[in-house]
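Report on the structure
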Amino acid sequence: MDVLQELLLSKLRLGDSEEKPIQVLDEVNFDGVVRYMASDKCKNIIVMVGAGISTCAGIPDFRSPDSGIYANLQKYNLPNPMAIFEINYFKENPSPFFQLAKEIYPGKYKPTVCHYFLRLLYEKKKLLRLYTQNVDTLEILAGLPADKVVDAHGTFHTSHCINPACRKLYTLDWMREKIFSDEVPSCTECQDTVKPDIVFFGERLPERFFVSAEEDFPICDLLIIIGTSLSVQPFAGLVDNAPAKTPRFLINKEKVGQSMYPIVLGPGLQFDSETNYRDVMWEGLCDDGCQALADALGWGEELKKLVEDEHSRIDQERQQ
């Protein structure tokens, strides 16, 4: 068998010698996922999340036709909606990004039911790692330790000068002051633009994303995917990194992750396949799905109280 054929077969997980994958779930449905999560067999859960988990906090997602960020950028007079997050356009004209950043900047919003469900997973020693596409830092505000969170698309927590010869580091508070003063932040050392450490189109993802994924996914025993379109690589490709027997559970408003190019990108999620043995979807709002899962696990009242207590705490702190 030549190298190309081996590559194609591995992408499709085909081959005469390959054994039929083990079905871990007793039923390939919501109840089957719940029973598996409640068992001692499930203790290394990886969660992948996108903008959908923050929409209930008031933060718009990117791709919703009417309410998404890309659908409401006319006032910035961009060559195309995605230009606001393209590094080359940012270097030429950073003002539109910083105007948008003022609207979505961390510190204005509170974590959602989804975020606190993730905290419960951590507190119950089920969470191996959270991989987030979001830059709103709500996972940390909800109480997840930083070492449990992989910011796949970077973070607002730190910023750097974009001059490769400088790269001076700046804090969240420094950047917040500049943004809310309607300034384009300039480096105090070289006067070049300072950019939050979020990943723009045209930039490489953080090294920790690749290192952590290589270490975490081989031992993942349940992959939960919440509130993402799974349309941006390489993040979307993580769904195929879980072991072949690992169940995958999607909470989303619509089906995603079903690969159009399985030979190139991997087979993706297989909800509609006659041979599906591990992929389950809960269709609806992310907060509702996480609450339903918590209820089924017997954590429902605990989650509701956690949200209530934490929102009260945050409100009090922000009033001081």
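- Under the annotation held in an unreviewed UniProt entry, the protein chain carries the name NAD-dependent protein deacetylase and is attributed to Limulus polyphemus.
- Per UniProt, the protein chain carries the Sequence similarities (unreviewed entry) text "Belongs to the sirtuin family. Class I subfamily."
- In its Cofactor (unreviewed entry) section, the UniProt record describing the protein chain reads: "Zn(2+)".

**Quick look at the packing of aromatic side chains**
- This structure, assessed with the given rule, holds 13 aromatic pairs.
- Ring centres of F85 and F97 lie 6.1 Å apart, and the angle between their planes is 75°; on these two criteria the pair is classed as edge-to-face. One end of the pair, F85, is in the loop between β1 (45–49) and α3 (87–92); the other, F97, is in helix α4 (residues 95–104), and 12 residues separate them in sequence. Accessibility assignment for this pair places F85 and F97 in one class, buried.
- On the numbers, 6.1 Å between centres and 35° between planes, the contact of F117 with W299 is tilted. Within this pair, whereas F117 is found in helix α5 (residues 113–123), its partner W299 is found in the loop between α10 (286–297) and α11 (300–319), the two being separated by 182 residues in sequence. Both residues of the pair, F117 and W299, belong to the buried class.

**Side note on α5**
- In terms of burial, α5 is largely enclosed, as nine of its 11 residues are buried.
- One or two positions beyond α5, positive phi appears at K125, with a value near 60°.

**Some remarks on the side chain of D287**
- The residue D287 is located in helix α10 in this model.
- Although D287 lies buried, it forms no salt bridge, and the closest oppositely charged side chain, K110, sits 12 Å away as judged by the N-O distance.
- Separated by 3.4 Å, the side chains of D287 and T112 make a polar contact.
- Sequence-distant contacts of D287, that is, excluding residues within four places in its chain, are made with C56, T112, V113 and C114.

**Re the sheet that holds β1**
- Spatial strand order, β3-β2-β1-β7-β8-β9: six strands in an open sheet with parallel pairing. The sheet is open, and its two edges are formed by β3 (149–151) and β9 (279–283), each paired on a single side. Going across the sheet, the axis of each strand differs from the next one's by a mean of 15°, ignoring polarity.
- Packed onto the sheet, α10 meets β7 (222–226), β8 (248–252) and β9 and runs at close to 135° relative to β8.

**Quick look at the UniProt feature "active site" (unreviewed entry) in the protein chain**
- Under the local residue numbering, the UniProt record ascribes the feature "active site" (unreviewed entry) to H153.
- Tracing the backbone shows H153 in the loop between β3 and β4 (154–161).
- Not counting the four nearest positions on each side in its chain, H153 is found in contact with T132, Q133, V135, I198, V199, L205, V232 and F235.

**As for the packing of α10 against α11**
- One can describe the packing of α10 onto α11 by two numbers: an axis separation of 7 Å at closest approach and a directional angle of 135°. By the angle between their axes, α10 is oblique relative to α11. Listed contacts from α11 to C290, Q291, A294 and D295 of α10 are G300, L303 and K304.

**Considerations on the environment of Y122**
- Looking at where Y122 falls in the secondary structure, it is placed in helix α5.
- Overall, Y122 belongs to the partly exposed group, its relative accessible area being 32%.
- For the pair formed by Y122 and I45, sequence separation is 77 residues and the distance between their alpha carbons is 9.4 Å.
- Here Y122 is in contact with L127, L144, P145 and K148, once residues within four sequence places are set aside.

**Side note on unusual backbone geometry**
- The peptide bond linking Q233 to P234 adopts the cis configuration, its omega dihedral lying at 5°.
- Here P234 is to be found in the loop between β7 and β8.
- Phi at R167 takes a positive value of approximately 60°, unusual for a residue other than glycine.
- Relative to the helices and strands, R167 resides in the loop between β4 and β5 (169–171).
- Under the relative-accessibility criterion, R167 is labelled partly exposed at 42%.
- Phi is positive for L230, which is not a glycine, with a value near 50°.
- Turning to its location among the elements, L230 is positioned in the loop between β7 and β8.

Each value, and the rule that gives it
Residues numbered from 1 in each chain as written. Predicted model: local features only at pLDDT ≥ 70, side-chain atom pairs only at ≥ 80, totals over all residues. Heavy atoms only, no water. UniProt positions renumbered as here; feature names shortened; annotations may be inferred. Phe/Tyr/Trp six-rings, centres within 6.5 Å; stacked < 30°, edge-to-face > 60°. Helix = DSSP H or I, 4+ residues; strand = E, 2+ residues; numbered from the N terminus. Buried < 20%, exposed > 50% of the residue type's maximum accessible area, 1.4 Å probe, protein only. Lys, Arg positive; Asp, Glu negative; His and termini not counted. Salt bridge = Lys/Arg side-chain N within 4 Å of Asp/Glu carboxyl O. Polar contact = N/O pair within 3.5 Å; in protein donor to acceptor, adjacent residues only side chain to side chain. Contact = heavy atoms within 4.5 Å. Pairing = 2+ DSSP bridges. Axes fitted to C-alpha atoms, helices over the stretch in contact; angles between N-to-C directions. Parallel < 35°, antiparallel > 145°, perpendicular 65-115°, else oblique.

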